[in-house]
Amino acid sequence: VQLQASGGGLAQAGGSLRLSCVSSGSGFSKNSMGWYRQAPGKQRELVGTIASDGTTNYGDSVKGRFTISRDNAKNTAYLQMNSLKPEDTGVYLCNTVGIATSWKFYWGQGTQVTVSS
């Protein structure tokens, strides 16, 4: 399984970005997808997850601003980020885990998001 994250870039505070994570593996719809982020000098932080049934879960710092969705026909998970803040800056990584990967985690390479004030 290979995951390719894209869509990062530079945004102003209050702006929006949409990230995508495409999976090359089969059985995408059976797995959960997750988004994490890592800022310099900080621990990796959960952004949110979406289960195979579409149930979502978000980290406290992004609740109400970020939305995770998935398109199983395209083997793609999305992270819609609104009302961006400078503290949202970091490398955003996607992962997948579930039956399709024998409950092993697979990670993508990450995409950089920079939010200017």
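Student: Is there a simple way to think about the state of the cysteines in this case?
Tutor: Joining two cysteines, a disulfide is a covalent bond between their sulfur atoms. Counting across every chain of the model gives one disulfide. Each sulfur of the disulfide joining Cys21 and Cys94 lies 2.1 Å from the other. Disulfide Cys21-Cys94: torsion about the S-S bond near 70°, hence right-handed. Taken as a pair, Cys21 in strand β3 (residues 17-23) and Cys94 in strand β9 (residues 90-98) lie far apart in primary sequence, 73 residues in all.

Student: Whenever I open this one, the sheet that holds strand β8 (residues 76-81) confuses me. Can you help?
Tutor: Across a sheet, paired strands are connected by hydrogen bonds in the backbone, their directions being either parallel or antiparallel. Within the open sheet, the four strands sit side by side as β1-β3-β8-β7. Their pairing is antiparallel. The outermost strands of the open sheet, each flanked by one partner alone, are β1 (3-6) and β7 (66-71). In this sheet, neighbouring strand axes are inclined to one another by 15° on average, regardless of whether the strands run parallel or antiparallel. Two elements, β3 and β8, share six bridges in a ladder whose sense is antiparallel. Each residue of the ladder has a partner; that of Leu17, found in β8, is Met81.

Student: I tried to follow the side chain of Thr101 on my own but got confused; where do I start?
Tutor: Its location among the elements puts Thr101 in the loop between β9 and β10 (106-107). In this structure Thr101 touches Val1, Asn31, Thr96 and Tyr106, once residues within four positions along its chain are discounted.

Student: What am I meant to see in the pairing of β8 here?
Tutor: The side chains of a regular strand alternate between both faces of the sheet. Counting buried residues along β8, five of its six residues qualify, which places the element largely inside the surrounding structure. Count of turn residues in the β7/β8 antiparallel hairpin: four residues, of which Asn75 carries a positive phi of about 50°.

Student: What is the right way to look at the pattern of salt bridges in this model?
Tutor: For side chains of opposite charge, pairing can occur when their charged atoms come near one another. In total, this model carries four salt bridges according to the counting rule given. Among the ionic pairs, Arg37 bridges to Asp88, the shortest N-O distance being 2.8 Å. Residue Arg37 is found in strand β4 (residues 31-38), and its partner Asp88 is found in the loop between β8 and β9; the two are separated by 51 residues along the sequence. Comparing Arg37 with Asp88, the two get one shared label, buried. Of the charged contacts, one joins Asp60 and Lys63 as a salt bridge, the two residues approaching to 3.2 Å between their closest N and O atoms. What emerges from the salt-bridge pattern is a single network uniting Arg37, Glu45, Arg65 and Asp88.

Student: Just checking my understanding: could you explain the packing of aromatic side chains for this structure?
Tutor: In this description, an aromatic ring pair is defined by two values, namely the gap between the centres and the angle between the planes. Under the counting rule described, the total for this entry stands at one aromatic pair. Lying over the aromatic face of Tyr78, Arg18 brings its terminal NZ or CZ to 4.0 Å of the ring centre. Here the basic side chain of Arg44 rests over the ring of Trp107, its NZ or CZ set 4.6 Å away from the ring centre.

Student: Sorry if this is basic, but what is going on with the nonpolar core here?
Tutor: Most often, soluble globular proteins keep nonpolar side chains buried together rather than apart. The biggest cluster of nonpolar side chains holds 23 residues, and the ones touching the most others in it are Trp35, Phe66, Leu79, Met81 and Tyr92. Counting residues per element, the ones that place at least two in this core are β1, β3, β4, β5 (45-50), β7, β8, β9 and β11 (111-116). In contact with Phe66, other than residues within four places in its own chain, are Arg37, Val47, Tyr58, Leu79, Gln80, Met81, Asn82, Leu84, Asp88 and Tyr92.

Conventions adopted
- Residues numbered from 1 in each chain as written.
- Predicted model: local features only at pLDDT ≥ 70, side-chain atom pairs only at ≥ 80, totals over all residues.
- Heavy atoms only, no water.
- Disulfide = S-S within 2.5 Å.
- Helix = DSSP H or I, 4+ residues; strand = E, 2+ residues; numbered from the N terminus.
- Pairing = 2+ DSSP bridges.
- Axes fitted to C-alpha atoms, helices over the stretch in contact; angles between N-to-C directions.
- Contact = heavy atoms within 4.5 Å.
- Buried < 20%, exposed > 50% of the residue type's maximum accessible area, 1.4 Å probe, protein only.
- Salt bridge = Lys/Arg side-chain N within 4 Å of Asp/Glu carboxyl O.
- Phe/Tyr/Trp six-rings, centres within 6.5 Å; stacked < 30°, edge-to-face > 60°.
- Lys NZ or Arg CZ within 6 Å of the ring centre and 35° of its normal.
- Core = buried A, V, L, I, M, F, W, Y, C linked by side-chain atoms within 4.5 Å.

Note that every value here comes from positions in space, so none of it alone points to a role or purpose.
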